[in-house]
Amino acid sequence: MDNTVPQDVAELAKRTSEFIRDIVIPIEYQVAGVIHDAPDELRQQLQGKAREAGLLAPHVPQEWGGCGLDVRGQAVVFEAAGYSLLGPFAMNCAAPDEGNMHLLERVASTEQKEQYLRPLAAGETRSCFAMTEPAPGAGSDPAMLRTTATKVDGGWRIDGRKWFISGARGAGFAICMARTRGAAGERGGATMFLVDAGNPGMQIVRDLETLDQGLFGGHSEVVFDNCVVGPDSVLGEVDKGFEYAQVRLAPARLTHCMRWLGLAHRAHDIAVDWAATRRSFGGILGDLGMVQQLIADNEIDMAASRALIRDTAAVLDSHARGGTESSIAKTFVAEAVNRVVDRSVQVCGALGISGDAMLSRYLREVRPFRIYDGPSEVHRWAIGRRVVSQRRKAIEAGDQPRFRIDAGSTS
């Protein structure tokens, strides 16, 4: 597989790295990486700078105001953007807006794209994706969806409770998943709705206190109570919400990997600089074999992560679904990023866990990545189940098992 980076993508990544170094990182230090409750003026400031640099929404097709990168191009540029915790946010390619832009571009009508996608790509508004619910509702298993949408005169009435809705506070609109057919636990029967902020039937009831604080708008609990929307608020077709969720899911898993790999690289660079300059035990810290092992393992994890990301990006660019590939990449990269940041903290010792370096903040930010977009355990279950199922079907169709039991064997 050819992973050569095209010249225009390489140039865009270079300009991204310079933008992150010169504009974003100084602001990241000023706010200590904490932006969950930052004023919207900060977003406008950073995204205005990215707009001036021609770096806003690099993933969005040019006709809707972006740079038009394919998934392989995104892998390079998003990693460069992720070198700062605020980088993807500044370039308007952070979750949940990035995934919502992709979904709108693929599913929305032309009118909906003009109303929602274009201003979202331009940084004129923000969005959230409202699917996750408190137990026993939808979480890692979307089929447990309990929020309902009932047809009424003039449109639909949405009723239900959502929680851990990232970026809900201050969002201009929500993409809400609600059940229009069937009951919780049944496959199918979901529909996506576009719900504008200000709809009296959609209320944020609380902001959740969480380990991470580096996502603008934080995470909220949202109640839909007699939330009436018009018929033109249906995104795509009725009862096809779960299918559309797959359109968003695999690319969103992968772009998370890209961005967090950039932050892991930043943490590693901090640790390497410390190891190369800190004197201890009569020499340079980095001359100690155990420190070298930590650094080497970081290099290995980052190289393997980058290879998985780029190979999966090629699969998605071929218009294949990429479910298995994205599950493998998400599981490995989420755990590898955690290992890289944790080792970097270890190399830096007391500095690493202090507030004087950003490493302790990064450690808190990357830990949830092993949970959202599917916990590692769920992905492993899905990968293993798929492999066994495919092989069982092949054997039932006449393929021979790839083992031999000799005649007379008692084993």
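Treat the numbers as computed from the prediction; the structure is a model and nothing was measured.

Draft legend 1. Looking closely at the overall build of the chain. Each helix and strand in the chain was counted, giving 12 helices and 10 strands. Compactness check: the chain gives a C-alpha radius of gyration of 23 Å against a globular reference of 22 Å for 411 residues, within 12% of the reference. C-alpha atoms of the chain, sized along the principal axes, occupy 80 × 80 × 40 Å. Counting only residues that meet the buried cut, the chain has 51% of its 411 residues in that class. Approximately 19100 Å² of the chain is accessible, and the part contributed by carbon and sulfur atoms is 52%. One finds the centroid of the 46 positive side-chain charges in the chain at a distance of 4 Å from the centroid of its 52 negative side-chain charges.

Draft legend 2. Structural detail: helix α6 (residues 110-121). Taken together, the buried positions of α6 are Q112, K113, Y116, L117, P119, L120 and A121. Buried positions along α6 lie against α5 (97-107), β1 (127-130), β4 (173-179), β5 (190-196) and β8 (234-235).

Draft legend 3. Main features of the packing of aromatic side chains. In total, this model carries 6 aromatic pairs according to the counting rule given. Seen in terms of ring centroids, F89 and F216 are 4.8 Å apart; in terms of plane orientation they differ by 25°. Their pairing is stacked. Separated by 127 residues along the polypeptide, F89 in helix α4 (residues 87-90) and F216 in the loop between β6 (202-207) and β7 (219-229) bring together distant segments of the chain. By the burial criterion, F89 is buried, and F216 matches it. Taking the centre distance of 6.4 Å and the plane angle of 40° together, the rings of W260 and F369 count as tilted. Taken together, the residues span a long stretch of sequence, with W260 in helix α7 (residues 241-277) and F369 in the loop between α11 (359-366) and α12 (376-396) at a distance of 109 residues. By relative accessible area, which is 0% here, F369 ends up buried.

Draft legend 4. Structural context of the side chain of R266. Of note, R266 is situated in helix α7. Its relative accessible area of 4% is what places R266 among the buried residues. Within the structure, R266 has its side chain in polar contact with the side chain of Y362 (distance 2.8 Å). In this structure R266 touches I25, E28, Y29, Y83, S84 and Y362, once residues within four positions along its chain are discounted.

Draft legend 5. Main features of the packing of α7 against helix α9 (residues 323-348). Put simply, α7 and α9 touch, their axes get as near as 8 Å, and they point 20° apart. Regarding the angle of α7 to α9, the classification is roughly parallel. Viewed along their axes, α7 and α9 form a crossing whose handedness is left-handed. Counted by class, the contact of α7 with α9 contains 18 nonpolar, 5 polar and 2 charged residues.

Draft legend 6. Summary view of the environment of Y372. Within the secondary structure layout, Y372 lies in the loop between α11 and α12. Judged by its relative accessible area of 22%, Y372 falls in the partly exposed class. For Y372 and R253, which are 119 residues apart along the polypeptide, the C-alpha to C-alpha distance reads 9.1 Å. In this view, Y372 contacts H256, W260 and K330; residues no more than four positions away in its chain are not counted.

Draft legend 7. Helix α3 (residues 71-81), seen in detail. In terms of burial, α3 is largely enclosed, as 10 of its 11 residues are buried. For α3, every residue scored as buried is listed here: V71, G73, Q74, A75, V76, V77, F78, E79, A80 and A81. Against the buried residues of α3 lie α1 (7-31), α4, α5, α7 and α8 (289-317).

Draft legend 8. Structural detail: the pattern of salt bridges. Within the structure shown, the criterion is met by 21 salt bridges. The salt bridge partner of R187 is D141, with a shortest N-O separation of 3.5 Å. In this pair, R187 is assigned in the loop between β4 and β5 and D141 in the loop between β1 and β2 (148-152), connecting sequence segments 46 residues apart. Assessed through its relative accessible area of 63%, R187 is described here as exposed. R343 serves as the salt-bridge partner of D301, at 3.1 Å between the closest nitrogen and oxygen. Of the two residues, D301 is situated in helix α8 and R343 in helix α9; the sequence distance between them amounts to 42 residues.

Draft legend 9. The pairing of strand β3 (residues 155-166), seen in detail. As paired elements, β2 and β3 share 5 bridges and run antiparallel to each other. Bridged to T148 within β3 is D159. Bridging between β3 and β7 involves 8 bridges; their strand directions are antiparallel. Note that in β7 the partner of W156 across the bridge is V229.

Draft legend 10. View of the pairing of β5. For β5, the tally of buried residues reaches 6 of 7 residues, placing the bulk of the element in the interior. Note that β4 and β5 share 7 bridges and pair antiparallel. From the neighbouring strand, M177 faces β5, where its bridge partner is M192. Direction of pairing for β5 relative to β8: antiparallel, over a ladder of 2 bridges. Paired with F193 across the two strands is V234, which belongs to β8.

Rules and cut-offs
Residues numbered from 1 in each chain as written. Predicted model: local features only at pLDDT ≥ 70, side-chain atom pairs only at ≥ 80, totals over all residues. Heavy atoms only, no water. Helix = DSSP H or I, 4+ residues; strand = E, 2+ residues; numbered from the N terminus. Rg over C-alpha atoms; globule rule 2.2 N^0.38 Å. Buried < 20%, exposed > 50% of the residue type's maximum accessible area, 1.4 Å probe, protein only. Areas by Shrake-Rupley, 256 points an atom, 1.4 Å probe, with all protein chains shown as cover. Lys, Arg positive; Asp, Glu negative; His and termini not counted. Charge placed at Lys NZ, Arg CZ, Asp CG, Glu CD. Contact = heavy atoms within 4.5 Å. Phe/Tyr/Trp six-rings, centres within 6.5 Å; stacked < 30°, edge-to-face > 60°. Polar contact = N/O pair within 3.5 Å; in protein donor to acceptor, adjacent residues only side chain to side chain. Axes fitted to C-alpha atoms, helices over the stretch in contact; angles between N-to-C directions. Parallel < 35°, antiparallel > 145°, perpendicular 65-115°, else oblique. Left-handed = near helix turned anticlockwise from the far one by under 90°. Nonpolar A, V, L, I, M, F, W, Y, C, P; charged D, E, K, R; others polar. Salt bridge = Lys/Arg side-chain N within 4 Å of Asp/Glu carboxyl O. Pairing = 2+ DSSP bridges.

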